[in-house]
Amino acid sequence: MQIDLFLSPHSPKPMYAQIVEQVVAKVMAGHWAAGQALPSIRELAAACKVSVITVKRAYLELEHAGVIVTRQGKGSFVAEQLEATRQLAAGEFQAQLQGMLEAAGKLGLSPHEVVERVEQELGAKEECEWDE
């Protein structure tokens with residue numbers, strides 16, 4: 001498994017939350033398949049240049065969300081049942097949408113202007129693959 005998580009120390013999100021978000025994105029996009037082994041906590045910590053405690057917290061969050069399962073002595077794996085993962089992603093989408101609408105309200109954008117901007121972004125996105 002290629003470990004290609006990109007963590008930013010300048011992000012307002014804590015490192016563990018960035019790990020959770022990116023792992024969920026990879027699972028939802030199908031880059032990390034159900035049953036696939038994840039890097040060990042130590043491997044991921046070394047690759048991302050973060051502490052073992054940070055990765056352990058991220059893995060615990062992912063486990064509680066049902067995205068991964070951990071088997072004692074064997075490691076962590078992408079969960080077979082991904083409904084919890086889909087619900088987590090849907091919740092993240094809803095939170096992002098709410099944030100976008102709040103920002104639009106602060107800018108004084110009308111609902112029509114918001115829809116136009118979303119359609120413009122979707123048009124630009126159609127030129128690329130959704131799961132890149």
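Up top is the structure.
Report on the accompanying structure. (Residues numbered from 1 in each chain as written. Predicted model: local features only at pLDDT ≥ 70, side-chain atom pairs only at ≥ 80, totals over all residues. Heavy atoms only, no water.)

What to know about the packing of helix α1 (residues 15-28) against helix α3 (residues 52-64)
Contact pair α1 / α3: the axes reach a minimum separation of 8 Å and the direction vectors enclose 45°. By the criterion of interaxial angle, the relationship of α1 to α3 is oblique. The interaxial crossing formed by α1 with α3 has right-handed handedness. On α3, the residues that touch Met-15, Tyr-16, Ile-19, Val-20, Val-23 and Val-24 of α1 are Thr-54, Val-55, Arg-57, Ala-58, Glu-61 and Leu-62. Taken together, the residues of the contact of α1 with α3 break down into nine nonpolar, one polar and two charged. (Axes fitted to C-alpha atoms, helices over the stretch in contact; angles between N-to-C directions. Helix = DSSP H or I, 4+ residues; strand = E, 2+ residues; numbered from the N terminus. Parallel < 35°, antiparallel > 145°, perpendicular 65-115°, else oblique. Left-handed = near helix turned anticlockwise from the far one by under 90°. Contact = heavy atoms within 4.5 Å. Nonpolar A, V, L, I, M, F, W, Y, C, P; charged D, E, K, R; others polar.)

Examining the pairing of strand β2 (residues 75-78)
Pairing between strand β1 (residues 68-71) and β2: four bridges, direction antiparallel. Residue pairing in the sheet places Val-69 in a bridge with Phe-77 of β2. (Pairing = 2+ DSSP bridges.)

Section: the packing of helix α2 (residues 41-48) against α3
Running from N to C, α2 and α3 point in directions that differ by 120°, and their axes come no closer than 8 Å. Here α3 runs oblique to α2, going by the angle between their axes. Helix-helix and strand crossings are classified by hand; for α2 and α3 the assignment is right-handed. Of α3, the residues touching α2 (which contributes Ile-41, Arg-42, Leu-44 and Ala-45) are Val-52, Val-55, Lys-56 and Tyr-59.

Some thoughts on unusual backbone geometry
Peptide bonds are trans in most cases, and residues, glycine excluded, mostly fall at negative phi. A positive phi angle, close to 55°, is found at Lys-49, a residue other than glycine. Here Lys-49 shows up in the loop between α2 and α3.

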